[in-house]
Amino acid sequence: MSEIKKDFQFLQEAFYLAKKGEGLTSPNPLVGAVITKNNKVIAKGYHRRYGLAHAEVEAIKSAKEDLKGATLYINLEPCCHFGKTGPCVDEVIKSGIKRVVISTADPNPQVKGKSIKKMRRQGIKVDLGLAKKEALKLNEIFFKNMKAKKPFVVAKLAQSLDGKITSSTGISKWITSAESRQVAKTLRDKYDCVLIGANTLKKDNPKLNGLKKIPYKVVLSSELDFPKKAYILRNNLERLIIFTSQKQKIKPNKIPSKAKVFFLKEKNGYFSLDEILKSLYKLGIMSVFVEGGSKTLGYFFQKKKVDKVFFFIAPLVLGGRDAICSIGAKGFSSPGKSASIENIEVKHIGRDFLFTGYPKYR
C-alpha cells in the first residue's frame, strides 16, 4: 500500500473518532487523532466534550509506548493558545512525534497556520491537505463561526410529496414515519439550539429534545401567547430563549423567570433575523436547528440565512387549498431568484426520503 493510501486510511479513522463528539464540543471543533508507529495504530483520542482534553492530548496520554518517531494523524491543525486547556501543539512537540498529517489548517485567527509553522521549526514533518474537503464538511459549523462570526443555520422540515405539512383540516400527525421522526431527534443532538415559531408551539406543543441531550430551545413569539400546558415551559427553563415584541415589556408575568428574553422591533410581522442570530451567537450558540413552521422556515429562506437543509419527504399526497405548505412567508419572486439546493444526498428512511443539501442563493 502506498504512503498516501495509508495516510488516507488513518485519517479516516481520525474522522470516525471526531464524529463521536458531535453536539458536545461546541464552541470547539470536532477533532480526532490517531498515532501510528511502523504503520500500526498505537494510540487514539478525540475531543469528547467542551472543556475536556483535546484529541491530540488524549491520544498522547493514552499511548502505552514511546512516541519518538511516531506519526500523528488529525483532521484539524492543533491549537497553540490557552483556553480551557493548554496548547496542544506544545504537547505534540514534547512527545517526540516526528511527522504530523493534517487535513486542514485551523481557521481560528489565534491559530491559523501558527502551529504548523511551530512544528516545522522544531523539525517535525507536517503534511497538510489530505482529505481537506471531508474535513471542511465535518467542521462546517466551526468554519462558519470562525469566518462569519455567526451561527450555522440548519432548516429541517417534514412534508408530504406535494409539499404539505398539514392536511386541509390542520392535522399534521403524522406525515412522516416513526423512523424519520427518530432520525430527526438524532439531528437535534448535533446542534446547539432548536428554533420554532409561536404557531408551532401552539399547534404541536413539541418537546424539542434530542435523543441524547437537551438543546437550547428558542421561540419566536410576538404575543407571548404560550399554551398553559406547553412542554417547554415545564422543564429546563434555563435553556429556554424567547424573542418577543418590545410591546411585551409591559407584560412580565407572561415570561418564565428563568428564561432568557430579548425584546425586538417588528417589521411587517417579523423580527430581524440578523438581530436574532447575533444575540444567539453572543450567548455562545454556534448552531441553530430551525424546525418551523411554514412562516418561520420561509422567512429564514427568504432572508438567505439557511446554510444547510434536511427535508424529510413522505410518499403521501395531501392536496387541498387550505393545507399548509412547508415553506411559507413571502418567498422568492421567480424560479430564477430562488434558492437552489446543491450537493444533495438522498437516503431512504423507512417509507420516506431524506434530502440533505446546501442552499445557494442568487
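Residues numbered from 1 in each chain as written. Predicted model: local features only at pLDDT ≥ 70, side-chain atom pairs only at ≥ 80, totals over all residues. Heavy atoms only, no water.

**Q** How would you sum up the sheet that holds strand 6 (residues 152-160)? Please name residues and give values.
**A** Taken in spatial order, the nine strands make up an open sheet running 10-9-8-7-11-6-12-14-13, and their pairing is mixed. Single-partner strands in this sheet number two, and they are strand 10 (260-264) and strand 13 (340-349). Neighbour to neighbour, the strand axes of the sheet diverge by 20 degrees on average, direction disregarded. Relative to the sheet, helix 6 (residues 140-148) contacts strand 6, strand 11 (287-290), strand 12 (308-314) and strand 14 (352-360), its axis offset from that of strand 6 by approximately 135 degrees. (Pairing = 2+ DSSP bridges. Helix = DSSP H or I, 4+ residues; strand = E, 2+ residues; numbered from the N terminus. Axes fitted to C-alpha atoms, helices over the stretch in contact; angles between N-to-C directions. Contact = heavy atoms within 4.5 Å.)

**Q** I'd love a proper account of the packing of aromatic side chains, names of residues and values included.
**A** Tallied over the full model, the rule gives six aromatic pairs. For the pair F10 and Y73, a centre-to-centre distance of 5.1 Å together with 45 degrees between the ring planes defines the contact as tilted. Of the two residues, F10 is situated in helix 1 (residues 3-18) and Y73 in strand 3 (residues 71-76); the sequence distance between them amounts to 63 residues. Both residues of the pair, F10 and Y73, count as buried. Measuring from centroid to centroid gives 5.4 Å for Y191 and F289, while their planes differ by 5 degrees, and the two rings are stacked. One end of the pair, Y191, is in the loop between helix 7 (178-188) and strand 7 (193-197); the other, F289, is in strand 11, with 98 residues separating them in the sequence. Like F289, Y191 is buried. (Phe/Tyr/Trp six-rings, centres within 6.5 Å; stacked < 30°, edge-to-face > 60°. Buried < 20%, exposed > 50% of the residue type's maximum accessible area, 1.4 Å probe, protein only.)

**Q** Residues and numbers for the sheet that holds strand 2 (residues 40-46), please.
**A** Sheet strands associate in pairs through backbone hydrogen bonding, adopting either a parallel or an antiparallel arrangement. Strand order across the open sheet formed by five strands is 2-1-3-4-5, with mixed pairing between neighbours. A strand with exactly one partner marks an edge of an open sheet, and here the two such strands are strand 2 and strand 5 (125-128). Between one strand axis and the next, the sheet turns through 20 degrees on average, direction left out of account. By the bridge criterion, four bridges tie strand 4 (residues 99-104) to strand 5 in an arrangement that is parallel. Looking at strand 5, one finds that V100 is bridged to V126. On the sheet, helix 2 (residues 55-62) packs against strand 1 (32-37), strand 2 and strand 3 and is oriented at approximately 135 degrees with respect to strand 2.

**Q** A description of the environment of F143 should follow, citing residues and the corresponding values.
**A** Among the secondary structure elements, F143 is positioned in helix 6. Setting aside anything within four residues of it in sequence, one finds F143 in contact with L76, T104, A105, P107, A135 and L136.

**Q** Talk me through the layout of surface pockets; I want residue IDs and the actual numbers.
**A** Leftover empty space is mapped by rolling, across the atoms, a probe with the size of a water molecule. Its volume calculated, the second largest pocket comes out at about 750 Å³. Lining the second largest pocket are 34 residues; nearest its centre among them are E22, E140, K190, Y191 and K308. Secondary-structure elements contributing two or more residues to the lining of the second largest pocket are helix 5 (132-138), helix 6, helix 7, strand 12, strand 13 and strand 14. If one sorts the elements of the lining of the second largest pocket by residue count, helix 6 sits on top with four residues. Tallied by class, the residues present in the lining of the second largest pocket amount to 15 nonpolar, nine polar and ten charged. (1 Å grid on protein atoms, 1.4 Å probe; cavity = no way out; pocket = protein on both sides within 12 Å on 5 of 7 lines; lining within 4 Å. Points joined across faces, edges and corners; volume = space filled by probe spheres on them. Nonpolar A, V, L, I, M, F, W, Y, C, P; charged D, E, K, R; others polar.)

**Q** Account for the environment of T176, naming residues and giving values.
**A** Here T176 is to be found in the loop between strand 6 and helix 7. When the C-alpha positions of T176 and D352 are compared, they lie 6.7 Å apart, and in sequence the two are 176 residues distant. Ignoring any residue separated from it by four or fewer positions in sequence, one finds T176 in contact with A158, Q159, R181, F312, A314, R351 and D352.

**Q** Break down the pattern of salt bridges for me, citing the residues and quoting the values.
**A** This structure, assessed with the given rule, holds 17 salt bridges. In this structure, D307 and K144 form a salt bridge, with 2.7 Å as the shortest nitrogen-oxygen distance. Residue D307 is found in the loop between helix 10 (294-302) and strand 12, and its partner K144 is found in helix 6; the two are separated by 163 residues along the sequence. Each of E3, D7, R99, K125 and D127 takes part in one network of salt bridges that share partners. (Salt bridge = Lys/Arg side-chain N within 4 Å of Asp/Glu carboxyl O.)

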